[in-house]
Amino acid sequence: MTDTSTPPATEPAQAQVQVPAPRPESDTAAAEKISVSGRVASAVVERLRNEGSLTAERGSTTIADDVVEKIAGIAARGVPGVHDLGGDVARVVAGLRERVGLGDADADTDRGVKVRLEGDQATVEITLVIEYGQVVRTVTEAVRNEVIAAVEKMLSLQVTEVNIRVDDVHVEA
């Protein structure tokens, strides 16, 4: 048998430059970047959606979560036996700000308070420091009652939960 196909045409020799191919990201790194950006986007959307709304006959009222946090913080600080609000890091930062003259530590009334709003319902989370010698259950129940009363009275929101985390006990030096 003879080969009847035509031989391939030869082209003049050309210099070939090799360009390194871009290194593809590993699937894990790409997935991690997507996951992080997704969490950031979710947090932003959650913050924007976290508003209480009250409808009336002639319009509606929108209440920002910061307002609820401030009212809940003021109510919690007013309870005997509560030394401070917030976790260790928040208290250290507030102390540093006060020392360098960037603000009064007591001005951060919403520190240690987080609120989740859905329509006219609010869930409140509070982190606090209790004075040594106080009965924890008594103080936390008083905080819960004061926060519920203040938020419901001042904002006409229904408080569904007040979750309290006791972060520390303050001992007078």
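Along each chain, numbering runs from 1 in the same order as the chain's sequence is written. Selection of residues for local features in this predicted model requires a pLDDT of at least 70, selection of side-chain atom pairs for listing and counting requires 80 or more, and totals for whole chains, interfaces and linings are taken over all residues. The basis for the side-chain values is all heavy atoms of the structure; hydrogens and waters are excluded.

**Student:** Any chance you could explain the nonpolar core here in plain terms?
**Tutor:** In a soluble, globular protein the nonpolar side chains are often hidden away together inside. We call a set of buried Ala, Val, Leu, Ile, Met, Phe, Trp, Tyr and Cys residues a nonpolar core when their side-chain atoms join them within 4.5 Å. Only protein chains enter the accessibility calculation, which uses a 1.4 Å probe. A residue is then buried if its area is under 20% of the maximum for its type, exposed if over 50%, and partly exposed in between. Membership of the largest hydrophobic core comes to 27 residues, with the highest contact counts inside it found for V124, I126, V143, V147 and V151. If you list the elements that add at least two residues to this core, you get α2 (65–77), β3 (82–85), β4 (113–118), β5 (121–131), α4 (136–155) and β6 (158–170). A contact between two residues is defined here by any heavy atoms of the two lying within 4.5 Å. Beyond its immediate stretch of four places on either side in the chain, V147 contacts A72, A75, A76, V124, I126 and V162. Going along the chain from the N terminus, every DSSP run of H or I of four or more residues is numbered as a helix, and every run of E of two or more is numbered as a strand.

**Student:** For this particular structure, what's the right way to read the environment of V67?
**Tutor:** Within the secondary structure, V67 is located in helix α2. A relative accessible area of 38% means that V67 is categorised as partly exposed. Residues V67 and V151 lie 84 residues apart in sequence; the distance between their C-alpha atoms is 9.6 Å.

**Student:** What is the right way to read a nonpolar patch on the surface from this model?
**Tutor:** Patches here: salt-bridge-free residues with over 30% relative accessible area, like charges joined within 9 Å, nonpolar side chains (Val, Leu, Ile, Met, Phe, Trp, Tyr) joined within 5 Å. All accessibility values rest on the Shrake-Rupley procedure with a 1.4 Å probe; residue burial counts only the protein chains present in the view. In what follows, salt bridge is the name for a side-chain nitrogen of Lys or Arg lying within 4 Å of a carboxyl oxygen of Asp or Glu. Where nonpolar side chains cluster on the molecular surface, the patch consists of Y132, V169 and V171 and spans about 330 Å² of accessible area. Mapped onto the secondary structure, V169 falls in strand β6.

Everything listed is a geometric property; what it means functionally is a separate question.
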